[in-house]
Amino acid sequence: MADEPCTDGCVEVGSEAGLRALIGEPAPYAAGKPRAALHPLDREWLAHSSLCLIATSAPDGSCDVSPKGDPPGFVQILDDRTLALPERPGNKRVDGFRNILGNPHVGMVFLLPGRGDTLRVNGTARIVREEAPGTAPLFDAMTVRGNRPRLALLVTVEEVFSHCAKAFLRSRTWEPETWRPEALPSRARMAKALERPDAPLESLEEHYGPRYTEGLYRDR
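Figured I'd write up the structure that's included with this text. Predicted model, so just to flag it, every value in this text is computed and none were measured.

## Some thoughts on the pairing of strand S4 (residues 63–69)
Next up, step 1: Sheet analysis places strand S3 (residues 51–57) next to S4, joined by seven bridges and oriented antiparallel. Paired with Ala 55 across the two strands is Val 65, which belongs to S4.
Next up, step 2: Counted between consecutive antiparallel strands, the loop separating S3 from S4 contains five residues, among which Gly 61 sits at a positive phi close to 95°.

Below is the structure:
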């Protein structure tokens, strides 16, 4: 598709040729950095990572990104091309899991707090339950605070590479002096306005208050 004017006055870039004309070609080291298996340094990164963002897409093309977090090392490395991530209690929407049932392709970004660079892993995923033969040791290793996950995501690695720190440097994400959590209403007030208008604000404030952390590994 050729580049075309939009009704808002912008010009839509409609082809890779048009995109390359504006952005240019990547340097050889950037174009060739994806690997098909985990390097020992990738293993070290995963052993220290406590947060992962998982992107999925349904067969109709609709997308979802879901954060997954646990103590560092929560990702189990089964071999150089296989990872396992535990599923923890949440809101039971399972948007990403439903996408994976129809389209197994996933993209993941693993973060280390305080580090601007990230580790990107692309691959295919399948959902497994503990009762599957040979999975007991895996689920043992993913038990946290007595919570043994019912499900896990097994990911076959297809691409893995490090991503530079520019986005985090530009956003100053890890600089506490830039943090303004008070700029928006509290989570309780946002839930009252957007999701649970019939619930008393006092009960929502109690739910999302200091006791909220007590239920991180319990079904709700």
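## Quick notes on the layout of surface pockets
Next up, step 1: Computed from the structure, the largest pocket encloses a volume of approximately 1300 Å³.
Next up, step 2: In this structure, the largest pocket is lined by 43 residues; those nearest its centre are Glu 87, Arg 88, Pro 89, Gly 90 and Asn 91.
Next up, step 3: Every element with two or more residues in the lining of the largest pocket is listed here: S3, S4, strand S6 (82–86), helix H4 (95–102) and strand S9 (151–163).
Next up, step 4: Residue contributions to the lining of the largest pocket peak at six residues, all from S4.

## With respect to the packing of aromatic side chains
For any pair of aromatic rings, the description consists of the separation of the ring centres together with the inter-plane angle of the planes.
Next up, step 1: As enumerated under the stated definition, the model contains two aromatic pairs in all.
Next up, step 2: Taking the centre distance of 5.8 Å and the plane angle of 5° together, the rings of Phe 168 and Trp 174 count as stacked.
Next up, step 3: For the cation-ring pair, Lys 68 lies above Phe 97, with the distance from its terminal atom to the ring centre recorded as 5.8 Å.

## Brief notes about the sheet that holds strand S7 (residues 105–111)
Next up, step 1: Taken in spatial order, the seven strands line up as S4-S3-S7-S8-S9-S6-S5 in an open sheet, and their pairing is antiparallel. Among the strands making up the open sheet, the edge pair consists of S4 and strand S5 (76–79). Within the sheet, the average angular offset between the axes of one strand and its neighbour, ignoring direction, is 30°.
Next up, step 2: Bridge analysis of S7 against strand S8 (residues 118–129) gives six bridges, and the strand direction is antiparallel. By the bridge assignment for S8, Phe 110 is matched with Leu 119.
Next up, step 3: Strands S5, S6, S7, S8 and S9 of the sheet are contacted by helix H3 (residues 40–48), whose axis makes an angle of about 70° with S8.

## Topic: the nonpolar core
Next up, step 1: Core analysis: the biggest nonpolar cluster contains 22 residues, and Leu 83, Leu 85, Met 108, Phe 110, Val 121, Leu 153 and Val 155 have the highest contact counts within it.
Next up, step 2: Breaking this core down by element, the ones donating at least two residues are H3, S3, S6, H4, S7, S8 and S9.
Next up, step 3: Ranked by residue count, the leading element in this core is S9, at four residues.
Next up, step 4: What Leu 153 contacts, discounting residues up to four positions off in sequence, is Ile 54, Leu 83, Ala 84, Leu 85, Phe 97, Ile 100, Ala 125, Arg 126 and Ile 127.

## Observations concerning unusual backbone geometry
Next up, step 1: Of note, the phi angle at Lys 92 is positive, near 70°, even though the residue is not glycine.
Next up, step 2: With respect to the secondary-structure elements, Lys 92 resides in the loop between S6 and H4.
Next up, step 3: Although it is not a glycine, Arg 172 adopts a positive phi angle of roughly 55°.
Next up, step 4: Examined against the element boundaries, Arg 172 turns out to sit in the loop between helix H6 (166–171) and helix H7 (187–194).

## Points about the pattern of salt bridges
Next up, step 1: On inspection of all chains with the given rule, the structure shows 16 salt bridges.
Next up, step 2: Between Asp 117 and Arg 115 there is a salt bridge, and its shortest N-O distance comes to 2.7 Å.
Next up, step 3: Among the residues examined, Asp 117 registers a relative accessible area of 22% and is labelled partly exposed.
Next up, step 4: Glu 182 is paired through a salt bridge with Arg 180; the nearest N and O atoms lie 3.9 Å apart.
Next up, step 5: Its relative accessible area of 56% is what places Glu 182 among the exposed residues.

## Focus: the side chain of Ser 57
Next up, step 1: By secondary structure assignment, the location of Ser 57 is in strand S3.
Next up, step 2: Ser 57 gets classed as buried once you look at its relative accessible area, which sits at 18%.
Next up, step 3: In this view, Ser 57 contacts Ser 62, Cys 63, Asn 99, Asn 103 and His 105; residues no more than four positions away in its chain are not counted.

Cut-offs applied
- Residues numbered from 1 in each chain as written.
- Predicted model: local features only at pLDDT ≥ 70, side-chain atom pairs only at ≥ 80, totals over all residues.
- Heavy atoms only, no water.
- Pairing = 2+ DSSP bridges.
- Helix = DSSP H or I, 4+ residues; strand = E, 2+ residues; numbered from the N terminus.
- 1 Å grid on protein atoms, 1.4 Å probe; cavity = no way out; pocket = protein on both sides within 12 Å on 5 of 7 lines; lining within 4 Å.
- Points joined across faces, edges and corners; volume = space filled by probe spheres on them.
- Phe/Tyr/Trp six-rings, centres within 6.5 Å; stacked < 30°, edge-to-face > 60°.
- Lys NZ or Arg CZ within 6 Å of the ring centre and 35° of its normal.
- Axes fitted to C-alpha atoms, helices over the stretch in contact; angles between N-to-C directions.
- Contact = heavy atoms within 4.5 Å.
- Core = buried A, V, L, I, M, F, W, Y, C linked by side-chain atoms within 4.5 Å.
- Buried < 20%, exposed > 50% of the residue type's maximum accessible area, 1.4 Å probe, protein only.
- Salt bridge = Lys/Arg side-chain N within 4 Å of Asp/Glu carboxyl O.

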